[in-house]
Amino acid sequence: MSLELIPIGTILTVLTNQVFKTAQAAKDVLFEKESFKVLSKHLFEIEPVLKELQSRELNDSQAARLALESLESGVKKANNLVEKYKNCARFYLLIRCRYIVKEVQEVTRDIGKSLAALSLANTEVLSQISDQVLKLQNEMQRVELEASHSQLQIVDKLNQGIRDQKRDQGFANDMLEEIARAVGVAVEPSEISKELASFRREKEEAANRKERAEVFFLEQVIELLSRADAARDYEEVKKQYRQRRQVIERYDDREEYIPPLNSFLCCICRSVMTDPVSLCTGTTCERDAIIAWLDSGKRTDPETGEVLEDVSLRSNLLLRQSIEEWRELNYCLNIRSSEAKLSSDVDSSVEEALSQMQYLLGESSINKDWVSIGGLTDRVINILGRSHNRDVKRKILITLKDIVEGHARNKEKVFDSGGWDHIIPCLGRDSSISKAAVELLYELLQERSGWNVSVCRKLSQQCSAIIFLVTLLKGLQRESAQTAEKILMKLFEIDEENISRAAKAGWYKPLIDRIVQVIVVKCSEILEKLTSEDDGIKFFVDEGGAQLELELIITDLLALQQKANSAHNFRRPALRTLLGICKFEAGLVKKAVLTADAVSLVLPLLDDSDSEIREIAINLLFLFSQHEPQGVVEYLLKPRRLEALVGFLENEDKGDVQMAAAGLLANLPKSEGPLTMKLIELDGIDAILKILRTGTIEAKENALSALFRFSDPTNIKSQRILVERGAYPLLVNFLRAGSLTAKARAAALIGTLSMSSPKLTVVKSSSCWCFRPSGNPLCPAHGGICSVTDTFCLLEAKALPDLVKLLSEEEHATAYEAIQTLSTLILDGSPQRGANVLHKADAIKPILETLTWGMNSLKEEALGLLENVFVQKEMVECYGSTARGLLVGLTAGRKVHEDDHLGRKAAKVLTLLERYSRSSTSFPPGL
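Residues numbered from 1 in each chain as written. Predicted model: local features only at pLDDT ≥ 70, side-chain atom pairs only at ≥ 80, totals over all residues. Heavy atoms only, no water.

## Describing the overall build of the protein
Here's step 1: Looking only at helices and strands, the protein features 48 helices and 5 strands.
Here's step 2: Going through the 927 residues of the protein one by one, you find that 50% of them count as buried. (Helix = DSSP H or I, 4+ residues; strand = E, 2+ residues; numbered from the N terminus. Buried < 20%, exposed > 50% of the residue type's maximum accessible area, 1.4 Å probe, protein only.)

Given below as C-alpha cells:
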C-alpha cells in the first residue's frame, strides 16, 4: 500500500517500532560487533526523536512523508544487514569483514541523511531537541568504521596466498588455524568440518545470486583451507580412499595409469587441466592458458576459430571434479602398484616403489593420508629395519620424512610402528644415511607450534640417541652436525642429565658451559649490586684505576642473553646490570642500539616466562626505542604483543614498569596508524588515562607523551575516543597542578585537540537557527555551538584561564606550548573573534611580556600570534603603545636579514601597528 494513503501518525508509529527492533537486533550481532554496536547506538538515539514527533502534531507534508519513506528504507536496509550477517558462517564473515564494515557504514550514513531531511521538515516540532538531532545526524553522516587490524591482516595474508597460488599444506594449516582462532572455532576436525560445510553453503548462495566473482574467490578459499590437516575428517578420508580402491579393482594388477579423456585436455596447451573454464562458445580451456591467449590480443575460440562475442570465463566445476576423480584413481593405482613392489623384497623394486611414493606425496597432500591408509608407511618402516642396502635405507628415510612432514597423524603412526628402533641406529651409518636419518628425526620432534616436548622426552629416554647425535655433531657433514646440535640442545633443556651423557660420549662443551654459568651468575650479581648504587659506576675500573670501556661491557651483557638455556637466575642480574649502566650513561644507549643490535636482542625477552625479566626488558626497550623505534613497532604488531604492552600499562604495582611502557609507546612513530587503532581496540587509552590519575610523576609525564598518538588532528575518530574517555578534565588539571614537563605536555595536547574545533563546530546562517534553544549561546571563538565532547572546545573545557596563567610563570617550556595552543583560537577567516577572546581573558599582556624574558623560539611564537591579533585596529589602539616599545627593542640596533627570523617577525608586527593612527584613543564597545 502506498504511504500516501496511510495516516502519517501510523507511519511514524510503525517506523518507531522498526527502529527499536533493529537497534536491539544490531546490538546482539556477534561478528564485527563494534560496527554493529555503533549502528545500534545511533538507532536507539533516533527512537526518542521519533517519539517526540509522535507526541506532537507532526507536519503532514510531502517533504515529511518523503523523509519518513527514506528513513524507513534505510532502517529496512539496516535490518536486512543484521539478519544477513547474524547467522552467516563465521569463516565467511571474517573473509568478508571489509565489505561488512563498509555496508554498515553506508547504511548508517544513509539513515543520518534521512534524519536530516526529517528534521528540516519538522523544525518547529523538534525545536526543544534541535541540538540533539543536529548532533546525531551529523555524527551519523560522518561515521567512519573500520574492521580490526588483526582481521585485515589475516584476510590480506589469505588473499596474497591465493594470488601466489600457494598450495602447500603448511600454509593451509597456518591459515586455517589463524582464521579459526580469530572467529573462536576450535581447531578440531569435527568443528572445522562443520564450519567448512557452512562456508560451502555461503558459496552456493552466492552462486544462486549469480555473483560469479565471489563464487570463484570462495572456491579458491575453500580449496586452500581444505588442504589443512584439521579440515579433513579422517573417517571421510578413509571412506573416499576405499571408494576409489573399489573402482580400480576392475583394472589389471599390472595397470599403473589410466589415460585422460580428451575432454580433460586443454585445447591450447594440450595438457590435463587443473582449473578448467568455459567460453561462451562452450569450449573449455585451462584458466591460465586462455587468459594468456586473450591478453595477447586474440579474440577467437582457440579450438574452433569462432569470434568470441563475450570473453567472460565460467568455472567448469563438473569437469574439474571429474578430472580430480581421474587423478585420484591414478593415485590409487600407484599405491596398489607400490604395495606389490614393496612386497617383492627385491631392492630394485623397492626403490621403484619408493620413487612412486615420493611422486604421489608431491602431487597431492591427500596422498599423505592415503599412503598410510594403504599400509605403505608400515611396510617401509619394516623394510628399514631389515634391509642391508644403503641406497634403500637412505631412500626410505627420505620418503618417511616426506610422509610425516607437517602431518601429526603420520608422525604418531611412525612412533606406533616402532619407527624409533629403526631410525636411531641409522644415525650411526655412513654420512648419506645419517644425514637423512637426522633430518627425519628433527621433523618427528616438531609440531605446528614448535618442539613437541612429549616426543622429545621419549627420545631423551633413548640413551643410544645421545651417543649417535654426539657422533654426528663431531662429524664432517656440517648440515647434519647443525641439526644434531639443535636436537641435543633441546634434549638438554628437557633433562640436564643428558648433558652428562653427552660428556661421556665425548662432547664436553655443554658441561663446561654449565660450570661457567655458575661463575657468571655470581659475577652478574656483584655487578648488579654495584650499578644499583647512584655512583656505583665509578667501580668499573681496571687494576690501574682506569675507567673500563663500558660500551664493550654492554655488548657482552647483551650477548649473554643469547646463550642457549640460560637460567633466569643468570639472566636477571645481567639484565639489571645492563639497565643500570644504560641509565647512568645515556650516550652508551645509542651506541648499544647501533653497534650491538640491542633492540632485536631484548625484544624477545618480552615473551619470557619470568615476569621480572619481562619488566627489566620493557625498561631497556624504553631507553633503546629513542634511537630505534621501527624495529619495536614491527614486533608489537605481531599477534598478542600489544596485549602484553597494555598489560604493562595496567600494572599499578610497578610504577617503573608503567613509566617505561608509557615511554616506549610515546617513542614509537605517531604515523603508525594500525598500531594506534589496535591500541584503541585493546583499551590502551583507558590504561594510559588511569596512569594520569594514579601513576607516579614520571609515569604520568610519559603517559602524557603517549597520548599524542591519539590526539593527532588528522584522525578525528581517535581524538573523539580520547575526549569521550575523559581526557580533557585530566589535561586541564595538569595545567593547574602538574610538574613543569606535565604542564607543557598537557598544554600541547589541548592544542592538538583545539586545532580540530573549527572544523567540528557547525556554523549556521542566521536563518537556520530558528529552532536553536535560546539558552545555548554561540561560542565566542568558533561562532557556533561548542562543547567539550563534540567540538573539543578549550573554552568549554575551562582551560583558557590556566593556559594564560602558564604565561605568567615565566617558564619557557610551558609558555611556548601555551602560546601555540592559544594560537588555535585565532581562526584564518575570522581572527577578530579569537583576538577578542584573548583580550577578555587578559592573555595579550602576558603574551607581550614574553618578548622581554623568553628565548628566541618563544618570542617567535608570540610574534606569530600577535601578528594575527593586530590585524584589528581596536587591538592596536588598546595594546599598541606597549607593543611598540617592546618591538622596537627587538629590532633596534640590528640589521634585519633573511636568516634573522625574530627580527623579521618583529618588524612585520611593527608595520601592522603603524597602519593605524597613533592619535586614536577610542576603545571599542564590548572590549
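And the narrative resumes.
## Let's talk about unusual backbone geometry
Here's step 1: The phi dihedral of K798 is positive, around 60 degrees, even though this residue is not glycine.
Here's step 2: Locating K798 in the fold gives a position in the loop between α41 (788-791) and α42 (800-808).
Here's step 3: The class for K798 is exposed, based on a relative accessible area of 53%.
Here's step 4: Positive phi outside glycine occurs at E810, with the angle close to 55 degrees.
Here's step 5: Counting through the fold element by element, E810 comes out in the loop between α42 and α43 (812-823).

## Section: the packing of helix α32 (residues 641-649) against helix α34 (residues 673-681)
Here's step 1: It is at 10 Å that the axes of α32 and α34 come closest, and there the two elements cross at 60 degrees. The angle between the axes of α32 and α34 places the two elements in the oblique class. The handedness of the crossing between α32 and α34 is right-handed. When α32 is examined against α34, the residues L642, E643 and V646 are found in contact with a partner set consisting of L675, K678 and L679.
Here's step 2: When its residues are assigned to classes, the contact of α32 with α34 shows 4 nonpolar, no polar and 2 charged. (Axes fitted to C-alpha atoms, helices over the stretch in contact; angles between N-to-C directions. Parallel < 35°, antiparallel > 145°, perpendicular 65-115°, else oblique. Left-handed = near helix turned anticlockwise from the far one by under 90°. Contact = heavy atoms within 4.5 Å. Nonpolar A, V, L, I, M, F, W, Y, C, P; charged D, E, K, R; others polar.)

## So, the packing of aromatic side chains
Here's step 1: Under the counting rule described, the total for this entry stands at 7 aromatic pairs.
Here's step 2: Centre to centre, the rings of F20 and F44 are 5.9 Å apart; their planes meet at 70 degrees, and the pair counts as edge-to-face. Taken together, the residues F20 in helix α1 (residues 8-27) and F44 in helix α2 (residues 33-55) connect sequence positions 24 residues apart.
Here's step 3: Taken together through their ring pairs, the aromatic side chains of Y257, F264 and W326 make up a single cluster.
Here's step 4: Across the ring face of Y99, the terminal group of R96 is positioned such that the distance to the ring centre comes to 4.4 Å. (Phe/Tyr/Trp six-rings, centres within 6.5 Å; stacked < 30°, edge-to-face > 60°. Lys NZ or Arg CZ within 6 Å of the ring centre and 35° of its normal.)

## Description of helix α33 (residues 655-667)
Here's step 1: Between the first and last C-alpha of α33 there are 18 Å, a value that for 13 residues agrees with the 18 Å anticipated at 1.5 Å per step.
Here's step 2: In terms of burial, α33 is a largely internal element, 10 of the 13 residues being buried.
Here's step 3: Among the residues making up α33, those that are buried are V657, Q658, M659, A660, A661, A662, G663, L664, L665 and A666.
Here's step 4: Close packing links the buried residues of α33 with α30 (611-624), α31 (629-636), α32, α34, α35 (684-694) and α36 (697-707). (Expected span 1.5 Å × (residues − 1).)

## Considering the environment of S315
Here's step 1: With respect to the helices, strands and loops of the structure, S315 is situated in strand β3 (residues 314-315).
Here's step 2: Between the alpha carbons of S315 and E219 there is a distance of 9.8 Å; along the sequence they are 96 residues apart.

## Here we look at the state of the cysteines
Here's step 1: Scanning the model with the defined rule gives 0 disulfides in all.
Here's step 2: Free of any disulfide, C267 has its nearest cysteine sulfur in C285, 3.6 Å distant.
Here's step 3: Of the residues examined, C267 reaches a relative accessible area of 16% and is grouped as buried.
Here's step 4: There is no disulfide at C269, and the cysteine sulfur nearest it, in C266, is 3.6 Å away. (Disulfide = S-S within 2.5 Å.)

## Structural notes on the sheet that holds strand β1 (residues 276-278)
Here's step 1: One open sheet accounts for 3 strands, arranged β2-β1-β3; its pairing is antiparallel. The sheet is open, and its two borders are formed by β2 (284-286) and β3, each paired with just one other strand.
Here's step 2: Looking at chain direction, β1 and β3 are connected through 2 bridges and run antiparallel. Of the residues in β3, the one forming a bridge with V277 is S315.
Here's step 3: Lying over the sheet, helix α12 (residues 287-295) contacts β1, β2 and β3, oriented at roughly 95 degrees with respect to β2. (Pairing = 2+ DSSP bridges.)

## Concerning α34
Here's step 1: Within α34, the full set of buried residues consists of L675, T676, M677, K678, L679 and I680.
Here's step 2: Taken together, the buried residues of α34 touch α7 (149-163), α31, α32, α33, α35 and α37 (716-724).

## Brief notes about the confidence of the model for the protein
Here's step 1: When pLDDT is averaged along the protein, the result is 85; 88% of the residues meet or exceed 70.
Here's step 2: Note on residues 764-774: pLDDT is under 50 here. Beyond four places in sequence and across chains, it has 17 contacts.
Here's step 3: Low pLDDT, under 50, characterises residues 919-927; the stretch is placed with 11 contacts to residues that sit more than four places away or in other chains. (pLDDT = per-residue confidence, 0-100.)

## Some thoughts on the pattern of salt bridges
Here's step 1: As enumerated under the stated definition, the model contains 42 salt bridges in all.
Here's step 2: Its salt-bridge partner being E214, residue R209 comes within 3.9 Å of it at the nearest N-O pair.
Here's step 3: Residue E214 is classed as buried on the basis of its relative accessible area of 11%.
Here's step 4: Measuring nitrogen to oxygen at the nearest pair gives 3.8 Å for the salt bridge that ties R336 to D253. Of this pair, R336 sits in helix α13 (residues 317-343) while D253 is found in the loop between α11 (234-248) and β1, placing the two residues 83 residues apart along the sequence.
Here's step 5: Judged by relative accessible area, R336 falls into the buried class, the value being 9%.
Here's step 6: Relative accessible area serves as the criterion here: at 63%, D253 is assigned to the exposed category.
Here's step 7: Through salt bridges with shared partners, a single network forms among E223, D275, R287 and R320. (Salt bridge = Lys/Arg side-chain N within 4 Å of Asp/Glu carboxyl O.)

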